[in-house]
Amino acid sequence: MTVNEVLAEGTSLLASGSDTARIDTPALDSSILLAHILNLDRSDLITRGNETVSEQDRQNYKALLNRRISGECVAYITGHKEFYGLEFNVNPGVLVPRPDTEILVETAINICKAREKDIHSDTAVHGPKVLDLCTGSGAIAIALKHEIPNAEVWASDISPKALETAKANCKKLLRADSGPAGQITFLEGDLFGNKNGNNGILNRDKQKFDFVLTNPPYVPTDQINFLSAEVQFEPKLALDGGTDGLDIIKKIIQQSPRYLSSGGILLMEADPNQMPKIRDLLEENNFGNIKIYKDLVGMERVIGGTVKSIT
């Protein structure tokens, strides 16, 4: 069979779906998976459409199609996902980076660049110091460091497997000599503390950040089982935000002022329905100048505030 014939067969198979997962983009998914098997760019499938596909490649392709039909996302199957123009390694130990989170990165970058234009700003002289909490694959930290090389970037996660992936992505995507602090400082811990929440991994008297960025777990526990089949493959640790989805968010908001420099900013991704409660939490914890930023479809996706006092 030719590339065109195998691709058509794969698209038809995905379009028929299954009882466990509806596939909304069968043509796109089938082309990505076939290109992956043949070690080609998707555009090459068009120019090489009449070439013959080996039986072994057809069988390997069918195995990937079956995984997709079971609900596993394309990113986990291929092992990579593009985010902010960079191709990240991903696996079931980390969330798959999503376009919504690019709004968080873009917002931080825009604020940094605005501060760089202020000749009296420390950011203009030294570059921003940034902490990415719940870093996962490292997408936020690495994308920001890639765009602002003089930033000093730190990143923490409670999962050793996630940190292993983040470090691999850092090595893959950033130059070893990028920025004043080399690449990125990775820390294993529960937000600002160790895995038990004590004996902080960061010294709040010495480690003051201009930005704390985070895409924390924010799905209410009782809603996780109702998420899409694709999401069921993702780590529950990175999804579960407790009864109302705000458990981790509350901790971050309460603890962040101790680690932010004067005028430091906390930016976080959350569910649009959570924004009113998060705004209240920010106001109760010494944050002002609270702003909400919308995603590509106009939903309120990122919220942030500036710390007013250090406690």
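Residues numbered from 1 in each chain as written. Predicted model: local features only at pLDDT ≥ 70, side-chain atom pairs only at ≥ 80, totals over all residues. Heavy atoms only, no water.

Caption draft 1: Looking closely at the overall build of the chain. In terms of helices and strands, the chain carries 11 helices and nine strands. By residue count, 49% of the 311 residues in the chain fall in the buried class. Counting every atom, the chain has about 15,000 Å² of accessible surface; 47% of that belongs to carbon and sulfur. (Helix = DSSP H or I, 4+ residues; strand = E, 2+ residues; numbered from the N terminus. Buried < 20%, exposed > 50% of the residue type's maximum accessible area, 1.4 Å probe, protein only. Areas by Shrake-Rupley, 256 points an atom, 1.4 Å probe, with all protein chains shown as cover.)

Caption draft 2: Layout of the environment of Ala 166. Residue placement: Ala 166 occurs in helix H9 (residues 160-173). Overall, the relative accessible area of 0% leaves Ala 166 in the buried class. Each C-alpha atom, one on Ala 166 and one on Asn 89, is 8.4 Å from the other, the two residues being 77 residues apart in sequence. Discounting residues that sit within four places of it in the chain, Ala 166 has contacts with Thr 135, Gly 136, Ser 137, Gly 138, Ile 142 and Phe 186. (Contact = heavy atoms within 4.5 Å.)

Caption draft 3: Focus on the packing of aromatic side chains. Counted under the stated rule, the structure contains four aromatic pairs. Aromatic side chains Phe 83 and Tyr 84 sit 6.4 Å apart centroid to centroid with 45 degrees between the ring planes, which places their arrangement in the tilted category. Aromatic side chains Phe 83 and Phe 88 sit 6.1 Å apart centroid to centroid with 75 degrees between the ring planes, which places their arrangement in the edge-to-face category. In this structure Phe 88 comes out as buried when scored by relative accessible area, which is 0%. Ring pairs connect the aromatic residues Phe 83, Tyr 84 and Phe 88, which therefore count as one cluster. Between the NZ or CZ atom of Lys 129 and the centre of the ring of Phe 209, over which it lies, the distance is 5.1 Å. (Phe/Tyr/Trp six-rings, centres within 6.5 Å; stacked < 30°, edge-to-face > 60°. Lys NZ or Arg CZ within 6 Å of the ring centre and 35° of its normal.)

Caption draft 4: Just the sheet that holds strand E7 (residues 260-269), in detail. Here seven strands make up an open sheet; going across it, the order is E5-E4-E3-E6-E7-E9-E8 and the pairing mixed. The open sheet has two edge strands, strand E5 (184-188) and strand E8 (287-294), and neither has a second partner. Averaged over all pairs of adjacent strands, the angle between their axes in this sheet comes to 15 degrees, without regard to strand direction. Here E8 pairs with strand E9 (residues 300-307) via six bridges, running antiparallel. Within E9, the residue paired with Gly 288 across the bridge is Thr 306. (Pairing = 2+ DSSP bridges. Axes fitted to C-alpha atoms, helices over the stretch in contact; angles between N-to-C directions.)

Caption draft 5: The arrangement of the pattern of salt bridges in detail. Applying the stated rule across the entire model yields 10 salt bridges. Two residues, Arg 48 and Glu 51, come together in a salt bridge whose shortest N-O distance is 3.1 Å. With a relative accessible area of 38%, Glu 51 lands in the partly exposed category. Put simply, Arg 301 and Asp 295 hold a salt bridge, and the shortest N to O gap is 3.3 Å. (Salt bridge = Lys/Arg side-chain N within 4 Å of Asp/Glu carboxyl O.)

Caption draft 6: Structural detail: the pairing of strand E6 (residues 209-214). Counting buried residues along E6, six of its six residues qualify, which places the element largely inside the surrounding structure. Sheet topology places strand E3 (residues 129-133) next to E6; four bridges connect them, and they run parallel. Bridge pairing in E6 links Leu 131 to Val 212. Sheet topology places E6 next to E7; five bridges connect them, and they run parallel. By the bridge assignment for E7, Leu 213 is matched with Leu 267. With helix H10 (residues 247-255) bridging E6 and its parallel neighbour E7, the resulting β-α-β unit is right-handed. (Right-handed = clockwise from strand over helix to strand, strands pointing away.)

Caption draft 7: Looking closely at the layout of surface pockets. Computed from the structure, the second largest pocket encloses a volume of approximately 230 Å³. As for the second largest pocket, its lining consists of 14 residues, and the residues nearest its centre are Tyr 218, Pro 220, Gln 223, Asp 271 and Gln 274. Residue classes in the lining of the second largest pocket are distributed as seven nonpolar, three polar and four charged. (1 Å grid on protein atoms, 1.4 Å probe; cavity = no way out; pocket = protein on both sides within 12 Å on 5 of 7 lines; lining within 4 Å. Points joined across faces, edges and corners; volume = space filled by probe spheres on them. Nonpolar A, V, L, I, M, F, W, Y, C, P; charged D, E, K, R; others polar.)

Caption draft 8: Region of the structure containing helix H1 (residues 3-15). Compared with the 18 Å implied by 1.5 Å per residue over 13 residues, the 18 Å span of H1 between its first and last C-alpha is a close match. For H1, every residue scored as buried is listed here: Val 3, Val 6, Leu 7, Gly 10 and Leu 14. Angular distribution of buried residues about the axis of H1 spans 100 degrees; they occupy a single face of the element. Elements in contact with the buried residues of H1: helix H2 (26-38), helix H3 (42-47) and helix H4 (55-69). Once H1 finishes, Gly 17 follows within two positions and takes phi at roughly 65 degrees, a positive value. (Expected span 1.5 Å × (residues − 1). Arc of directions from axis to C-beta.)

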